[in-house]
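Below, each chain spelled out in residue letters.
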Amino acid sequence: MNVYDIINQSKPSLSFEVFPPKSSDTFESVKKAALDIAKLEPSFMSVTYGAGGSTAGYTAEIASALLEGGVTPLAHLSCVSATKDKIRQQLSDFKARGIKNILALRGDLPQGVSSDDLEYHYASDLAKEIRDFGGFCIGGACYPECHPESANGNADIDALRIKVENGCQFLTTQMFFDNNILYNFIYRLYRAHVEVPIVAGIMPVTNAAQIKRILSISQSALPQKFVRIVDRYQDNPEAMKQAGIAFATEQIIDLYANGINAVHVYSMNKPEVAEAIKNNISHIIE
């Protein structure tokens, strides 16, 4: 099934993200974690793609394993260091494996490299390549708080319009911790006639290391309620995990209640976190 059809159903969707290992040493443990999450019967699961395509083979293998297990996979594909031949080879591999859904991403620029140095300058260029190749449902990424490289919010919306025009059928958000930011973002999209389904990306923050990473790489605004939770529980690992899951659950329930039917959880290869969230909303997504 393609992701566009899944998220356009009247029933709320709940999906999870996993990331492949960086080396063969941990492949089996990561694959097991992904398949354990798959046992929760999510609407679909996304599989990330390493910087410069460093985990391309593992991405395809895990996505294939999910497909064999009866779960629709959404394979990430990044073009930041890729040639057109490499991208086409990857698309051929996905197609041969029966993988029909791709999240088209540019990826983070290496230090000292600009988008002008790349064969695919932007994710919208990659989306067009995938569309022209044919046979895939294509998604793109979006930033409710504005892409860090965009000059302003209007320029960011214009870039998303190009993604959609070039083939993106849905957009998945970067993590956010204040739902009002997402609601305002969606209003601005619709006002600009960018009318594709939005999948809300939620990150359950379950440990102090995640918090430090979020602050170093993300421009996400942290509401005071969230900051107080972190201040109170970050030195108590079990309490922080429980509080992080509870905060994410509250976000998800509010999203569903306000008509956002598609929620994607950045579950960080943690089956216990994915299971806890699904259990918390089991009757809501029936």
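Residues numbered from 1 in each chain as written. Predicted model: local features only at pLDDT ≥ 70, side-chain atom pairs only at ≥ 80, totals over all residues. Heavy atoms only, no water.

S.K.: What's the story with unusual backbone geometry in this structure? I'm lost.
M.R.: Located in the positive-phi region is E41, a residue other than glycine, with phi close to 60 degrees. Relative to the assigned elements, E41 resides in the loop between α2 (27-38) and β2 (45-47). The exposure class of E41 is exposed, given its relative accessible area of 65%. In this structure, H193 takes a positive phi of about 65 degrees despite not being glycine. Residue position: H193 is located in the loop between α7 (179-191) and β7 (198-202). (Helix = DSSP H or I, 4+ residues; strand = E, 2+ residues; numbered from the N terminus. Buried < 20%, exposed > 50% of the residue type's maximum accessible area, 1.4 Å probe, protein only.)

S.K.: Honestly, the packing of aromatic side chains in this entry has me stumped. Any pointers?
M.R.: Centre distance and the angle of the planes are the two values used to describe a pair of aromatic rings. Inspection of the entire model under this criterion finds four aromatic pairs. An aromatic cluster of at least three residues, connected via ring pairs, comprises F177, F226 and F247. Of note, K84 hangs over the ring of Y120, and the distance from its end group to the ring centre comes to 6.0 Å. (Phe/Tyr/Trp six-rings, centres within 6.5 Å; stacked < 30°, edge-to-face > 60°. Lys NZ or Arg CZ within 6 Å of the ring centre and 35° of its normal.)

S.K.: Before we go on, may I ask you to explain the pattern of salt bridges in this structure?
M.R.: Oppositely charged side chains can pair when the atoms bearing their charge come close. This model, assessed by the stated rule, comprises ten salt bridges. Two residues, D36 and K32, come together in a salt bridge whose shortest N-O distance is 2.8 Å. Here the residue D36 and the residue K32 both occupy positions in helix α2, the gap between them amounting to four residues, near one helical turn. Salt-bridge contacts for D36 lead to K39; the nearest nitrogen and oxygen are separated by 3.4 Å. Each of the salt bridges in this network shares a partner with another, and the network as a whole consists of K32, D36 and K39. (Salt bridge = Lys/Arg side-chain N within 4 Å of Asp/Glu carboxyl O.)

S.K.: Could you clarify how one ought to interpret the pairing of strand β4 (residues 101-105) in this entry?
M.R.: Along any regular strand the residues' side chains alternate between the sheet's two faces. Counting buried positions along β4 yields five of five residues, so the element is predominantly enclosed. Burial along β4 is two-sided: N101, L103 and L105 facing one way and I102 and A104 facing the other are all buried. Examined bridge by bridge, strand β3 (residues 73-78) and β4 share four bridges and lie parallel to one another. Within β4, the position partnered with H76 by the bridge is L103. Handedness of the crossover is the feature at issue here: the chain leaves β3, passes through helix α4 (residues 84-97), returns alongside β4, and the resulting connection is right-handed. (Pairing = 2+ DSSP bridges. Right-handed = clockwise from strand over helix to strand, strands pointing away.)

S.K.: Would you mind showing me how to read the packing of α2 against helix α3 (residues 56-68) here?
M.R.: Each pair of packed helices gets described by two things: the angle between the helix axes and the distance between those axes. Between α2 and α3, the shortest axis-to-axis distance is 10 Å and the interhelical angle comes to 35 degrees. Judged by the twist between their axes, the crossing of α2 over α3 is right-handed. Residues F27, V30, K31, A34, L35 and A38 of α2 touch α3, and the partners they reach there are Y58, E61, I62, A65 and L66. Among the residues forming the contact of α2 with α3, the class breakdown is nine nonpolar, no polar and two charged. (Axes fitted to C-alpha atoms, helices over the stretch in contact; angles between N-to-C directions. Left-handed = near helix turned anticlockwise from the far one by under 90°. Contact = heavy atoms within 4.5 Å. Nonpolar A, V, L, I, M, F, W, Y, C, P; charged D, E, K, R; others polar.)

S.K.: Explain the nonpolar core to me, please; I cannot follow it from the model alone.
M.R.: Within soluble globular proteins, side chains that are nonpolar generally end up buried alongside one another. The biggest cluster of nonpolar side chains holds 64 residues, and the ones touching the most others in it are L77, I130 and L182. Beyond its immediate sequence surroundings of up to four residues, I130 is in contact with L77, L91, I102, A104, F136 and I138. In this structure, V205, I214, I229 and F247 belong to the second largest nonpolar core, which totals 13 residues. (Core = buried A, V, L, I, M, F, W, Y, C linked by side-chain atoms within 4.5 Å.)

S.K.: Help me understand the environment of R213 in this model?
M.R.: Note on placement: R213 falls in helix α8 (residues 208-217). R213 sits 18 residues away from E195 along the chain, and the two C-alpha atoms are 32 Å apart.

S.K.: Looking at this structure, how should I read α2?
M.R.: Helical geometry: 3.6 residues make up each α-helical turn, so side chains three or four residues apart lie on a common side. In this model α2 runs 16 Å from its N-terminal to its C-terminal C-alpha over twelve residues, within 8% of the 16 Å that 1.5 Å per residue would give. All buried positions along α2 are accounted for by F27, V30, A33, A34, I37 and A38. Seen from one end, α2 has its buried residues packed into an arc of 145 degrees, which puts them on one side. Opposite the packed face of α2, turned more than 90 degrees from it, sit the exposed residues E28 and K32. (Expected span 1.5 Å × (residues − 1). Arc of directions from axis to C-beta.)

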